[in-house]
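Spelled out, the chains give:
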Amino acid sequence: MSLDSRRFMSRLCLLLLSVWSTAALATEEYLQLATCLGPQQQTYSPALKLLPRQTYFSADATLDVCVTLDPALSSARFQVAGGGVASCTLASLQSRIVLEWNTGETSIIDMSSPLDLKPLGQTVVPSYGTVISGRFEGALVVSVLELTPNDLALLKCLTTGVTESSGLISMTFLQLLP
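A quick note: this is a predicted structure, and the numbers were derived from the prediction, not measured.

**Student:** I would appreciate a short explanation of unusual backbone geometry in the present structure.
**Tutor:** It is generally the case that most residues other than glycine have a negative phi and that most peptide bonds are trans. Ser45 connects to Pro46 through a cis peptide bond whose omega is -10°. Note that Pro46 resides in strand S1 (residues 30–48). Positive phi outside glycine occurs at Phe136, with the angle close to 70°. You can see Phe136 is positioned in the loop between strand S7 (123–134) and strand S8 (140–148).

Here's what the structure looks like:
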């Protein structure tokens with residue numbers, strides 16, 4: 001299987017998992033407004049090491065696949081900055097996302113990743129937040145980020161530290177029904 005085929009299958013699986021995992025929330029109490037996914041790249045300062053310490057991060061993501069009730073929405077991009085206590089094995093981070101939809105509209109989201117576990121560098125981060133302004137204002141946002149470590153991540157954790165990572169993110173926007 002080619003690298004492009006594996007990436008496509010990985011994205012499809014993450015999208016299906018995201019839609020499926022939020023389906024229970026969306027049955028009666030919430031309306032699923034949109035689910036989007038795509039690649040994300042992050043940098044850390046100072047570098048992540050074995051012991052936890054105050055760390056700042058920034059990230060860029062392109063959500064190039066969206067399933068939504070609005071056919072005009074097909075993709076989004078965002079930049080995020082945040083911080084908290086983090087290491088190569090765990091983290092608790094807060095952030096503010098400025099997301100720009102392909103329509104030119106924006107959504108500003110306050111996000112929390114209360115427990116980010118990183119066994120051997122592999123990261124799957126569930127996060128939640130609220131759209132505080134813009135498109136979908138007031139909506140609940142549920143996000144899953146899968147960061148894949150490079151081959152030297154464990155060695156870097158023990159020596160110079162991990163300064164960057166990349167992977168796939170999915171974001172689901174849910175509206176509370178009256």
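**Student:** I would appreciate a short explanation of the confidence of the model for the protein in the present structure.
**Tutor:** For the protein, per-residue confidence averages 82 on the pLDDT scale, and residues scoring 70 or more make up 78% of the total. Per-residue pLDDT stays below 50 along residues 5–27; that stretch engages in 29 contacts with residues further than four places along the chain or on separate chains.

**Student:** Could you clarify how one ought to interpret the side chain of Gln42 in this entry?
**Tutor:** By the secondary structure assignment, Gln42 is in strand S1. Separated by 2.6 Å, the side chains of Gln42 and Gln40 make a polar contact. A polar contact is formed between the side chain of Gln42 and the side chain of Tyr44, at a distance of 2.8 Å. Those residues within four positions of Gln42 in sequence are excluded, and the remaining contacts are Phe57, Ser58, Ala59, Leu145, Leu147, Thr163, Glu164 and Ser165.

Parameters and conventions
In every chain, residue numbers begin from 1 and rise along the written sequence. In view of the model being predicted, local features appear only for residues whose pLDDT reaches at least 70, and side-chain atom pairs are presented and counted only at 80 or more, with totals across whole chains, interfaces and linings using the full set of residues. Calculation of side-chain values draws on the structure's entire complement of heavy atoms; hydrogens and water are dropped beforehand. Elements are defined by DSSP. Helices are runs of H or I of four residues or more, strands are runs of E of two residues or more, and each kind is numbered from the N terminus. Residue-level confidence of the predictor is what pLDDT reports, using numbers from 0 through 100. Note on contacts: a residue pair is in contact if any heavy atoms of the two residues lie within 4.5 Å. Between N or O atoms, a polar contact is any pair within 3.5 Å; within protein, one atom must be a potential hydrogen donor and the other a potential acceptor, and residues adjacent in sequence are included only when both atoms are from side chains.

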